[in-house]
Amino acid sequence: MVVGMSTKVSQASLLTLKNVTMIFGSQTALHPTNLDIPKQKTTVLLGPSGCGKSTLLRLCLGLMIPSTGEVIFEGTPVTSESALELRKKMGYVIQDGGLFPHLTAYENIALMARHLEWTEDRIQSRIHELIKVTQFPEDGLTRYPVQISGGQRQRVSFMRALMLDPDVLFLDEPFGALDPVIRADLQEDLKHMIQSLNKTVVMVTHDIGEAAYAGDHIVFMKEGRILQEGSFEGIVSKPKDSFVTRFIRAQRTVSLDKLLEGHAI
Ligand code: ADP
Ligand code: MG
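Residues numbered from 1 in each chain as written. Chains lettered and ligands numbered in written order. Predicted model: local features only at pLDDT ≥ 70, side-chain atom pairs only at ≥ 80, totals over all residues. Heavy atoms only, no water.

Caption draft 1: Broad picture of the overall build of the chain. Within the chain one finds ten helices and ten strands. Rg of the C-alpha trace for the chain: 19 Å, near the compact-globule value of 18 Å for 265 residues, within the 12% margin. Of all 265 residues assigned to the chain, the portion counted as buried reaches 46%. Considering only residue pairs separated by 6 or more positions, the chain has 67% of its internal contacts joining residues 24 or more positions apart. In the form shown here, the chain has an accessible surface area of approximately 13,000 Å², with 51% of it arising from carbon and sulfur atoms. (Helix = DSSP H or I, 4+ residues; strand = E, 2+ residues; numbered from the N terminus. Rg over C-alpha atoms; globule rule 2.2 N^0.38 Å. Buried < 20%, exposed > 50% of the residue type's maximum accessible area, 1.4 Å probe, protein only. Contact = heavy atoms within 4.5 Å. Areas by Shrake-Rupley, 256 points an atom, 1.4 Å probe, with all protein chains shown as cover.)

Structure, rendered in structure tokens:
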């Protein structure tokens, strides 16, 4: 933390958004938003396509600077000057993984560590820890992204995001491009991984089942605003807005019905 730049934030939160807005030309992607992201919990940004979930995530990562307001990460404001340094403590996984096609799985994972001039020994031992955590086959490390399945590619993306042992892991629809069976396997593994790593996770999804399954704290968004926050239980037992009810109802499935049993929705 830079001395003198600390801002008063709740001890329990890792990231705080204070009156943050994001305006693109004539479009407001995010209206004034306040949000605390709790430490060592999984926060899920949930809502329909275009409601501003990825925008909020990218603001947290310092990939975009807000039009107004402030994002504070571990007490330090995220600015265009501080973002690069702060991002070393943040892991980021996007929908299609974003792996470099001309690098092997190993080289993709090692990229940032090599840039930071870690020794090859240290890189190797970290990658060997990570293949255990993600249950990635060792012989897959020498393959290129096109030579491995979509599910394995996402495991490589997770390892890349975890390489520097970040304080927070940001996941933007990380299962969106996978078929349902692989998706279910990876979701299950990710849940165990998150539990074993004890990390703060912020995940974007439009899938209510995924939110219920993974999220300790759900942030429900619509048209660039947070409509409701709380536990999944809290939201389904007391939906604040008819849109929340409609959104959840539209995605009801048999397995979700079990989770919803006894609730008003
Ligand atoms: P979500 O992730 O919930 O689908 P986004 O955060 O990607 O939504 O987008 C929110 C709104 O902001 C959308 O209307 C989108 O078109 C707009 N938007 C996002 N990024 C940009 C950008 N770089 N330039 C212009 N408009 C953008
Ligand atoms: Mg998005």
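Caption draft 2: Structural context of the environment of Leu-169. If you trace the backbone, Leu-169 turns up in strand S7 (residues 168–172). Residue class for Leu-169 comes out buried when judged on its relative accessible area of 2%. If we ignore the near neighbours within four places in the chain, the residues touching Leu-169 are Gly-91, Ala-161, Leu-162, Thr-200, Val-201 and Val-202.

Caption draft 3: Just the site of ligand 1, in detail. Phe-24, Gln-27, Ala-29, Pro-48, Ser-49, Gly-50, Cys-51, Gly-52, Lys-53, Ser-54 and Thr-55 make up every residue found near ligand 1. Within the backbone of Cys-51, a nitrogen or oxygen atom sits 3.2 Å from an oxygen atom of ligand 1. Take Thr-55: an N or O atom from its side chain is 2.6 Å from an oxygen atom of ligand 1. Computed on the free molecule, ligand 1 has an accessible area of 560 Å², of which 60% lies beneath the protein chains in the complex. At the level of secondary structure, the elements contributing two or more residues to the shell around ligand 1 comprise strand S2 (27–38) and helix H1 (53–60). Among the elements that line the shell around ligand 1, the one with the most residues is H1, at three residues. Considering only residue class, the shell around ligand 1 consists of four nonpolar, six polar and one charged. (Near = heavy atom within 4 Å. Polar contact = N/O pair within 3.5 Å; in protein donor to acceptor, adjacent residues only side chain to side chain. Nonpolar A, V, L, I, M, F, W, Y, C, P; charged D, E, K, R; others polar.)

Caption draft 4: Representation of helix H5 (residues 150–162) within the structure. For H5, which comprises 13 residues, the first-to-last C-alpha distance of 18 Å matches the rise-based estimate of 18 Å (1.5 Å per residue) to within 8%. Residues of H5 that are buried include every one of Gly-151, Gln-154, Arg-155, Val-156, Ser-157, Phe-158, Met-159, Ala-161 and Leu-162, and no others. Buried residues in H5 make contact with strand S6 (90–93), helix H3 (105–115), helix H4 (120–134), S7 and helix H6 (180–197). (Expected span 1.5 Å × (residues − 1).)

Caption draft 5: Spotlight on the packing of aromatic side chains. Per the counting criterion, the structure on display carries three aromatic pairs. Seen in terms of ring centroids, Phe-220 and Phe-243 are 6.2 Å apart; in terms of plane orientation they differ by 75°. Their pairing is edge-to-face. Of this pair, Phe-220 sits in strand S9 (residues 217–222) while Phe-243 sits in helix H9 (residues 242–250); the two residues are 23 residues apart in sequence, bridging distant segments of the chain. Phe-243 sits in the buried class, given a relative accessible area of 15%. Members of the aromatic cluster, joined through ring pairs, are Phe-220, Phe-243 and Phe-247. (Phe/Tyr/Trp six-rings, centres within 6.5 Å; stacked < 30°, edge-to-face > 60°.)

Caption draft 6: Spatial organisation of the side chain of Thr-55. As for its position among the elements, Thr-55 is in helix H1. Overall, the relative accessible area of 12% leaves Thr-55 in the buried class. Beyond its immediate sequence surroundings of up to four residues, Thr-55 is in contact with Met-22, Phe-24, Ala-29 and Met-64.

Caption draft 7: How the structure looks around H1. Buried residues dominate H1, accounting for six of its eight residues. Of the residues making up H1, those classed as buried are Lys-53, Thr-55, Leu-56, Leu-57, Leu-59 and Cys-60. Of the residues one or two after H1, Gly-62 is the one with positive phi, at around 75°.

Caption draft 8: Focus on the sheet that holds strand S5 (residues 76–77). Taking strand neighbours across the sheet as the criterion, the four strands line up as S2-S1-S4-S5 in an open arrangement whose pairing is antiparallel. Both edges of this open sheet fall to S2 and S5, since each of them pairs with a single strand only. Pairing between strand S1 (residues 13–24) and strand S4 (residues 68–73): five bridges, direction antiparallel. Bridge pairing links Lys-18 to Glu-70 in S4. (Pairing = 2+ DSSP bridges.)

Caption draft 9: The arrangement of the environment of Glu-173 in detail. By the secondary structure assignment, Glu-173 is in the loop between S7 and H6. Classification of Glu-173 by relative accessible area gives buried; the value is 14%. Residues Glu-173 and Ser-54 lie 119 residues apart in sequence; the distance between their C-alpha atoms is 9.0 Å. When residues no more than four places from it in sequence are discounted, the contact partners of Glu-173 are Lys-53, Gln-95, Val-204, Thr-205 and His-206. Polar side-chain contacts of Glu-173 include one of 3.0 Å to the side chain of His-206.

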